[in-house]
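Fold and contact review
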Amino acid sequence: MSLFKNMIEFKWPILLFEVIFLIGGILLITTGIKIHKQSKISALISIIVGIMITLISLCVIFWTFIVGYNS
């Protein structure tokens, strides 16, 4: 448990930045679902971009936990 706590304490600035992108991707997906009836093209683009941002953010967060960064 202390190893995990030390990893978070050391890497919190980059993790915060990555979590902000993750939340943004999730918000794009929910916005796309909500505007689906009004504009199908805008909703589709919003959902696709949201999924891409979310998946990339999850991969980067996972990579940060495994490898980290040198500072």
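So, here is what we can say about the structure in this document. (Residues numbered from 1 in each chain as written. Predicted model: local features only at pLDDT ≥ 70, side-chain atom pairs only at ≥ 80, totals over all residues. Heavy atoms only, no water.)

Focus on the environment of Phe21
Its location among the elements puts Phe21 in helix α1 (residues 2–34). Classification of Phe21 by relative accessible area gives partly exposed; the value is 43%. C-alpha of Phe21 to C-alpha of Ser39: the two residues are 18 residues apart in sequence and 24 Å apart in space. Those residues in contact with Phe21 that lie beyond four places of it in its chain are Ile53 and Ser57. (Helix = DSSP H or I, 4+ residues; strand = E, 2+ residues; numbered from the N terminus. Buried < 20%, exposed > 50% of the residue type's maximum accessible area, 1.4 Å probe, protein only. Contact = heavy atoms within 4.5 Å.)

Remarks on the side chain of Thr64
Mapped onto the elements, Thr64 comes out in helix α2 (residues 40–66). Polar contacts involving the side chain of Thr64 include one to the main-chain carbonyl oxygen of Val60, which spans 2.8 Å. In this structure, Thr64 is in contact with Lys11, Ile14, Leu15 and Glu18, ignoring residues within four places of it in sequence. (Polar contact = N/O pair within 3.5 Å; in protein donor to acceptor, adjacent residues only side chain to side chain.)

Here we look at the environment of Cys59
Note on placement: Cys59 falls in helix α2. Relative accessible area serves as the criterion here: at 54%, Cys59 is assigned to the exposed category. When the C-alpha atoms of Cys59 and Leu27 are compared, they prove to be 18 Å apart, with 32 residues separating the residues in sequence.

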